[in-house]
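# A closer look at the structure
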Amino acid sequence: MNTLEFCIKKIACSSGENLDLSQIPMMMRRKLSPVGKIALSTILQCFDGEDVRLVYASRYGELERVVKLIGQEHEDNEISPAGFSFSVHNSTIGLFSLINNLHSSYNSIAAGEESFSAGLLDAVMNKEKTLFCFAESVDRFESISMLIDFEQGEHVRILPNCENLPSNSFNEFLKGGRYICPLYILERVND
């Protein structure tokens, strides 16, 4: 992997507090799961109104809904079509796309423990303005969204982790340090 440089124009993080979903119509807001609510709250903080590419990453996506559907199928031998449509991995980003009438493509990434790093790399590899969101729903509720640009924002680079440095949390990057994952290192570009 070569070095990649890009800009982070906006970034938002949440662990479930102070969610502002006022831009989501009430009927749709009621259908959102906790992970959908937290993801949409950070996406909305980063969205600048333009039609951008979208990348959504989550280890398990709508796990609560899937477990509920499995129980429903086991008990009733049938599942709710509405419940199924909101249980798919990309339902949150698809709903965001519909609400904002976006017509660009989007990806939904699930890569186990490396879902965040794989999703971020996928977003950067678009090499165009992309709205990236990671949402976690197991062990904790957490969402990180970024508006990735190649012209405006904080300049960062991705370098290969050739030395196999131990992984850390993205919170280290938020605090001013580097984010290290098995594949790459994300660091700020010093001008």
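No experiment lies behind these values; they were computed from the predicted model shown.

Conventions we followed
Residues numbered from 1 in each chain as written. Predicted model: local features only at pLDDT ≥ 70, side-chain atom pairs only at ≥ 80, totals over all residues. Heavy atoms only, no water. Helix = DSSP H or I, 4+ residues; strand = E, 2+ residues; numbered from the N terminus. Buried < 20%, exposed > 50% of the residue type's maximum accessible area, 1.4 Å probe, protein only. Contact = heavy atoms within 4.5 Å. Core = buried A, V, L, I, M, F, W, Y, C linked by side-chain atoms within 4.5 Å. Salt bridge = Lys/Arg side-chain N within 4 Å of Asp/Glu carboxyl O. Pairing = 2+ DSSP bridges.

## Details of the overall build of the chain
A tally of helices and strands in the chain yields seven helices and eight strands. For the chain, with 191 residues in total, the buried portion stands at 43%. Long-range pairs, those at least 24 residues apart, make up 69% of the contacts in the chain between residues at least 6 apart in sequence.

## A closer look at unusual backbone geometry
One non-glycine residue, K127, adopts positive backbone phi at about 55 degrees. Locating K127 in the fold gives a position in the loop between α6 (115-125) and β4 (130-136). The exposure class assigned to K127 is exposed, which follows from its relative accessible area of 55%. The backbone of N164 shows a phi angle near 50 degrees, a positive value even though the residue is not glycine. Examined against the element boundaries, N164 turns out to sit in the loop between β6 (154-160) and α7 (170-174). Take N164: its relative accessible area is 61%, and that puts it in the exposed class.

## Things to note about α6
Buried residues dominate α6, accounting for eight of its eleven residues. Of all the positions in α6, only S115, F116, S117, G119, L120, L121, A123 and V124 are classed as buried.

## Overview of the nonpolar core
Residues F116, L120, F132, M146 and L186 are the most contacted members of the largest nonpolar core, which totals 24 residues. Broken down by secondary-structure element, the contributors of at least two residues to this core are β1 (4-14), β2 (53-57), α6, β4, β5 (142-149), β6, α7 and β8 (184-188). Ranked by residue count, the leading element in this core is α6, at five residues. With sequence-adjacent residues up to four places away left out, F116 is seen in contact with F132, F134, I144, M146, F170 and Y179. Judged by nonpolar contacts, the second largest core, of 23 residues, contains L32, Y56, F96 and L131.

## Comments concerning the pattern of salt bridges
If you walk through the whole model with that rule in mind, you get nine salt bridges. For K129, the salt bridge is made with D48, and the minimal N-O distance between the two is 2.5 Å. In this pair, K129 is assigned in the loop between α6 and β4 and D48 in the loop between α2 (34-46) and β2, connecting sequence segments 81 residues apart. D48 sits in the partly exposed class, given a relative accessible area of 26%. For E187, the salt bridge is made with R178, and the minimal N-O distance between the two is 3.9 Å. One salt-bridge network, held together by shared partners, links E5, R157, R178 and E187.

## Topic: the pairing of β5
Along a regular strand, successive side chains alternate from one face of the sheet to the other. A large share of β5 lies buried, amounting to eight of its eight residues. Relative to β5, β1 is paired through seven bridges, and the arrangement is antiparallel. Bridge pairing links I8 to I148 in β5. With seven bridges joining them, β4 and β5 adopt antiparallel strand pairing. Paired with C133 across the two strands is S145, which belongs to β5. If you look at the hairpin formed by β4 and β5, you'll find five residues sitting between the two strands, and D139 has a positive phi there, around 75 degrees.

## Some points on the side chain of E187
In this fold, E187 is placed in strand β8. Setting aside its immediate chain neighbours within four residues, E187 contacts V156, R157, L159, F173 and R178.

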